[in-house]
Amino acid sequence: MAREISITLKLVFRGGHADEGRLDLYDGADSIFGFAKTLQMATHAFVKDGITKTAPSMKGAKIFMSPPKAGSFVEVLQVTITDPNFMAGLTTGVITNAFYDFLKIALGRAAGLMFEPETPAIRQRLERDEPFFDELADLLEAPLREGHRTIEESGGTISLERPRSNLLTFDADTLDWVKTREEDEASTFRLGTVTRFNIISHNGRIYDKTEDRTIPFKAGESLNQSSILLLSKSLDEANNRLPGLLEFQVAPVRSARGVIKRFILSSCRKPGLLGPAHSL
């Protein structure tokens, strides 16, 4: 019999009707379906180290539902990993712990929650290609928005849990994060430094001096080769403790509360070449 690794997850709904062991059929079904798509896409990314934009395209694993448990409304899920290449040479414990860690990082970022990895495997993946996690979080926001349906309609929380501990809790604050995905109509120039850059997707991270924090960016359609070269050079300079400053032409994408979640990057240039943006 081919090897399989079975990993247990729980979706725990609390508050309102959930405390009576029931959910509104329409809202509950929408929420569970949203989490189903979110977990399918995240599991595919974990096993295949690649991103699928549609949940049914998941390869190398399956996710099953079990009968709901009593108490608060608890939906038990079973993730079964079947990909022999992925499992080769790895113990069940290593894969299981890494999977929980991966979900916490990936779904957390999609909901505006930042965590440090707890396992060596996920720490190495994050250090190797952090823009991959940013791109995955961006794609997970839409199905995770659906997953928040019961919170939006009747309040309460939804927790994603492992058998004996909590991984993530979604609430009104995470709803605000996933609820609005609006891009500012006008682009602006921001002064900063590239801290991460994927040479294939051209996505990465910028330390923005205006916000005084690191913000993910996605490559816009107009990003050209000269800008890509500047991004690579800025990253190299930053890695060598040099300034590496650039002016980035970006359109901010904001949460429902106006917090910048990411930038859409259309171009970049050396500071002060075409105007006063260097004074930001």
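First, a word on scope: everything that follows refers to the structure included in this document. These numbers were taken from a predicted model, which means no experiment stands behind them. (Residues numbered from 1 in each chain as written. Predicted model: local features only at pLDDT ≥ 70, side-chain atom pairs only at ≥ 80, totals over all residues. Heavy atoms only, no water.)

All right, on to the packing of aromatic side chains then. Any two aromatic rings considered together are summarised by their centre-to-centre distance and by the angle between their planes. Counting across every chain of the model gives nine aromatic pairs. Here the aromatic rings of Phe-99 and Tyr-100 are separated by 6.4 Å at their centres, their planes lie at 45°, and the arrangement is tilted. Each of the two residues, Phe-99 as well as Tyr-100, counts as buried. The ring centre of Phe-115 lies 4.8 Å from the NZ or CZ of Lys-104, which sits over that ring. A cation over an aromatic ring shows up here: Arg-269 above the ring of Phe-189, its NZ or CZ 3.7 Å from the ring centre. (Phe/Tyr/Trp six-rings, centres within 6.5 Å; stacked < 30°, edge-to-face > 60°. Buried < 20%, exposed > 50% of the residue type's maximum accessible area, 1.4 Å probe, protein only. Lys NZ or Arg CZ within 6 Å of the ring centre and 35° of its normal.)

Relative to strand E3 (residues 73-81), strand E1 (residues 5-14) is paired through nine bridges, and the arrangement is antiparallel. In the strand pairing of E3, Lys-10 is matched with Val-76. Note: E1 against strand E4 (residues 157-162), five bridges, orientation antiparallel. Its bridge partner lying in E4, Phe-13 is registered against Ile-158. (Pairing = 2+ DSSP bridges. Helix = DSSP H or I, 4+ residues; strand = E, 2+ residues; numbered from the N terminus.)

Below, the discussion takes up the side chain of Glu-130. Mapped onto the secondary structure, Glu-130 falls in helix H5 (residues 130-147). At 3.2 Å, the side chain of Glu-130 forms a polar contact with the side chain of Arg-196. If sequence neighbours within four positions are ignored, Glu-130 has contacts with Arg-109, Arg-125, Arg-196 and Arg-205. (Polar contact = N/O pair within 3.5 Å; in protein donor to acceptor, adjacent residues only side chain to side chain. Contact = heavy atoms within 4.5 Å.)

Next up on the list: the pattern of salt bridges. Counted according to the given criterion, the structure contains 28 salt bridges. For the salt bridge of Arg-190 with Asp-208, the shortest nitrogen-to-oxygen distance reads 2.7 Å. On the criterion of sequence distance, the pair formed by Arg-190 in strand E7 (residues 188-197) and Asp-208 in strand E8 (residues 204-208) is long-range, its members being 18 residues apart. Like Asp-208, Arg-190 is buried. The salt bridge partner of Arg-269 is Glu-247, with a shortest N-O separation of 2.6 Å. Of this pair, Arg-269 sits in strand E11 (residues 260-269) while Glu-247 sits in strand E10 (residues 246-254), and the two are 22 residues apart along the sequence. Accessibility assignment for this pair places Arg-269 and Glu-247 in one class, buried. (Salt bridge = Lys/Arg side-chain N within 4 Å of Asp/Glu carboxyl O.)

This part covers the packing of helix H4 (residues 120-128) against H5. The contact between H4 and H5 brings their axes to 4 Å, and the two run at 95°. With respect to their mutual orientation, H4 and H5 come out roughly perpendicular. Where H4 abuts H5, its residues Ile-122, Arg-125, Leu-126 and Arg-128 lie against Glu-130, Phe-132 and Phe-133. Residue composition of the contact of H4 with H5, grouped by class: four nonpolar, no polar and three charged. (Axes fitted to C-alpha atoms, helices over the stretch in contact; angles between N-to-C directions. Parallel < 35°, antiparallel > 145°, perpendicular 65-115°, else oblique. Nonpolar A, V, L, I, M, F, W, Y, C, P; charged D, E, K, R; others polar.)

With that settled, consider the pairing of E11. In terms of burial, E11 is a largely internal element, nine of the 10 residues being buried. When strand E9 (residues 213-219) meets E11, the two strands line up parallel, connected through three bridges. By the bridge assignment, Lys-218 is partnered in E11 with Ile-264. Hairpin connection of E10 to E11: five residues between the antiparallel strands, including Gly-258 at a positive phi of 90°.

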